[in-house]
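Residues per chain, in single letters:
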Amino acid sequence: MKSLHTIFGLLWVFMLLVGCDKMNDVQKKFASQEEQVYLGKVDSLKCVPGFGRAKIVWSIGSDPRIERTIVYWNMRKDSLVIPFHRNTPGIQKDSIIVENLPEGTSLYEFRNTNSSGESSLYSSLSVFSWGLNFAESLQGLRLRSKEFDYGRSVLKLIFSDCVEGDNVQYIEIQYSDADGTSHTLRVPRNMNSIELPNFRNGETAKFRTVFFLSDGIDTVYNDYQTVRAPQVIEECGTKLTIGNGLGNRYFEHEGSLCEWNASGDVVFYDPDGNGSFVRSRVISALAPPAYFRDFFFYDDDKYIGITRENKVDMYRLDLSAESPVLAVVKKGFGSSFNMPSFIPARGFFYSLDKGVLRVWYANNNATWNSGNGSTVTKEFKFNRYALFNYSSLLVIDSNGYLWELPITTSGYLIAKNKIGQGWSRFQRLVTVGNKLLAIDENGDFWKFDFDVDHYWIVD
């Protein structure tokens, strides 16, 4: 047993001696190397964004050995060497503007070096640059109205007003006049309209909003929008022998012209293929005026009636039967509709009372959607109007000018464009598809194959 203990003791001493030898080898290895000394690293990095570029600012400490800063990007596949010239013994600022940057964020790394092979640890920064996507997200100015003065060859553009904090500097407009001379104009933020003289009908101009953000180095501009002066058409319209005068209510039903008369009859006029309409069907006493104050086609197979008690009814008209049936969807699903005028659309209809235009969202099952009765404008000072292609309100002002008011899918007004003159001879407007029917003081119908991109001179 004693000899066994002796053997284990000798073995332990041997292992200890071997371990010490290995430790000495490691110490000798590192003792033979010089201590690694790093230069002072790039500090206080900051990015100031620009349009397609960025300014990077940083600080260099008091280390006198620093001779240059190397900037790396693209996973260190690309680099740029910036010589460093010390001007002060303390902390010194340095900077660079990086051009041709993609929009968004890129990673940049920085390292100080010198000619002796010494270097600093890496510093990194996310560098951000602006582009068109960012500019489009800003609150740019929109075109509110386009007025073409045919006699003066002037296109007047009216823009929305600036608001505090929108960073708008000006609107840039480019166009070529009738003599072929190119113009670049600026509309400062404290103005919202400009006239483009010597402007040809049918020609275009383009504009964009220019911004300057206080935390950047560049102006930022969104993409150009194009505006076109309407092409002039001089036409008196084609006279049609349809309808029975100004006293009746006219509306469109799936490509047909409908007339609701004083007897409560609904008369259908269908296109005849020759640009006119022919009387195709009469539904007698369908909507008695003793009960209805207004009556019009709404959507699908649904009609809306405004009763003498100022309630809203919805009906379904079945034209497939030999004797058409006006079935009740729901009576009185709206009340207090005492407005004097209504303009039918699809998915909504307007009410008009003393210049206040409101929008009403009725579902085809006689229920209402949210936003019901919202005010579209309080300045609708027109008494001659029609909805064209469910996308624009056409109105005639007191001077006989025809205007287009484009609308959103929810019925709100987008802009206002002057598109005609001489329309004072017409008392009512009706649209069927792309046909505009204008009724004169004698109750005669005049047809126009209409396009809102033209300027219609009808006198």
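Heads up: these notes are all about the structure in this document.

Considering the sheet that holds strand S28 (residues 356-360)
- What the 4 strands build is an open sheet, ordered S26-S27-S28-S29; its pairing is antiparallel. Both outer strands of the open sheet, strand S26 (341-344) and strand S29 (374-377), are each paired with one neighbouring strand and no more. Neighbour to neighbour, the strand axes of the sheet diverge by 30 degrees on average, direction disregarded.
- Strand direction decides the pairing type here: S28 and S29, joined by 3 bridges, are antiparallel. Its bridge partner lying in S29, Arg358 is registered against Thr375.

Observations regarding the pairing of strand S25 (residues 325-334)
- The pairing of strand S24 (residues 312-318) with S25 spans 6 bridges and is classified as antiparallel. Paired with Met314 across the two strands is Lys330, which belongs to S25.
- Taking the residues between adjacent antiparallel strands as the criterion, S24 and S25 are bridged by 6 residues.

Quick word on the side chain of Glu259
- Structurally, Glu259 is set in strand S19 (residues 256-260).
- For Glu259, which is buried and forms no salt bridge, the nearest opposite charge comes from Arg279, at a distance of 5.9 Å.
- In terms of polar contacts, Glu259 uses its side chain to reach the side chain of Asn248, at 3.0 Å.
- A distance of 3.3 Å separates the side chain of Glu259 from the side chain of Tyr269, its partner in a polar contact.
- If we skip the residues at most four places from it in the chain, Glu259 touches Gly243, Asn244, Asn248, Arg249, Tyr250, Asp265, Val266, Val267 and Tyr269.

A few points about the pattern of salt bridges
- As enumerated under the stated definition, the model contains 19 salt bridges in all.
- With a closest N to O distance of 2.7 Å, Arg76 and Glu109 form a salt bridge. Here Arg76 is found in the loop between strand S3 (68-73) and strand S4 (78-83), whereas its partner Glu109 is found in strand S6 (residues 104-113), with 33 residues between them in sequence.
- Residue classification places Glu109 among the buried residues on the basis of a relative accessible area of 16%.
- Where Lys447 meets Asp449, a salt bridge forms, and the shortest distance between an N and an O atom there is 3.4 Å.
- Under the relative-accessibility criterion, Lys447 is labelled buried at 7%.
- The class for Asp449 is partly exposed, based on a relative accessible area of 44%.

Some details on the side chain of Thr377
- With respect to the secondary-structure elements, Thr377 resides in strand S29.
- Looking at Thr377, its side chain comes within polar contact range of the main-chain nitrogen of Glu379, at 3.0 Å.
- In this view, Thr377 contacts Gly355, Val356, Leu357 and Leu413; residues no more than four positions away in its chain are not counted.

Rules of the game
Residues numbered from 1 in each chain as written. Predicted model: local features only at pLDDT ≥ 70, side-chain atom pairs only at ≥ 80, totals over all residues. Heavy atoms only, no water. Pairing = 2+ DSSP bridges. Helix = DSSP H or I, 4+ residues; strand = E, 2+ residues; numbered from the N terminus. Axes fitted to C-alpha atoms, helices over the stretch in contact; angles between N-to-C directions. Buried < 20%, exposed > 50% of the residue type's maximum accessible area, 1.4 Å probe, protein only. Lys, Arg positive; Asp, Glu negative; His and termini not counted. Salt bridge = Lys/Arg side-chain N within 4 Å of Asp/Glu carboxyl O. Polar contact = N/O pair within 3.5 Å; in protein donor to acceptor, adjacent residues only side chain to side chain. Contact = heavy atoms within 4.5 Å.

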